[in-house]
Amino acid sequence: MSRATEGDDSTVRPAAPLSSAKMRSLFSVTTLLLLLALTLPAEANRRAKNNKGGKHEKLRLASECSSAETQYGKCVPEHGDCGDGLREATCKDRTDEIHCKIPCNWKKDIGDCKYKFGPWGSCDGDTNTKSRSGTLKRALFNAECLPTISVSKSCSPKAKKTRGDKKSI
């Protein structure tokens, strides 16, 4: 039997086993790449499904006309008083319907006007209502808005209980 000399590279040595730290690191990197590969297409698909037009359709109209030239109608809900709906956007001789949404707690008379409201006033015992006023923050879709408005609601029949209060038997 011949022995390999010190400088002889012809000997085949078995590969050193990977340490557990290197194995964990390799596994973590592989797992991360796999999750990334699965997440990106799913996220792109979700965005494509949720994109109902909205801003993109508005931008398409805006490229043809300035916002001053485009006239927007009120948002009309598809079912009931609130939720997803459509609004007409007219530019020159072209009218498109764009998607919109009316929150279910939204006041119909102030529609596309955004106001900053102060705190509710005290309850008026004669009318059983309380009111507050708001100043215009911005008008959406070229809506004509009042600079200040006042809204009112009925006073609650009884004071709300705090978390610490217990029902008495």
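Naming follows an unreviewed UniProt entry, where the protein appears as Midkine of Perca fluviatilis. According to its UniProt record, the protein has this under Sequence similarities (unreviewed entry): "Belongs to the pleiotrophin family." Among the UniProt annotations of the protein, the heading Function (unreviewed entry) holds the following wording: "Secreted protein that functions as cytokine and growth factor and mediates its signal through cell-surface proteoglycan and non-proteoglycan receptors. Regulates many processes like inflammatory response, cell proliferation, cell adhesion, cell growth, cell survival, tissue regeneration, cell differentiation and cell migration."

A. Broad picture of the environment of Cys145. Residue position: Cys145 is located in the loop between strand E6 (129-139) and strand E7 (148-154). Between the C-alpha atom of Cys145 and that of Lys114, which follows or precedes it by 31 residues, the distance is 8.8 Å. In contact with Cys145, not counting residues within four places along its chain, are Cys113, Tyr115, Leu136 and Ala139.

B. Structural view of the nonpolar core. By size, the foremost hydrophobic cluster in this structure holds five residues: Cys113, Tyr115, Cys145, Ile149 and Val151. Of all elements in the fold, only strand E5 (113-117) and E7 reach the threshold of two or more residues within this core.

Thresholds, definitions, all that
Residues numbered from 1 in each chain as written. Predicted model: local features only at pLDDT ≥ 70, side-chain atom pairs only at ≥ 80, totals over all residues. Heavy atoms only, no water. UniProt positions renumbered as here; feature names shortened; annotations may be inferred. Helix = DSSP H or I, 4+ residues; strand = E, 2+ residues; numbered from the N terminus. Contact = heavy atoms within 4.5 Å. Core = buried A, V, L, I, M, F, W, Y, C linked by side-chain atoms within 4.5 Å. Buried < 20%, exposed > 50% of the residue type's maximum accessible area, 1.4 Å probe, protein only.

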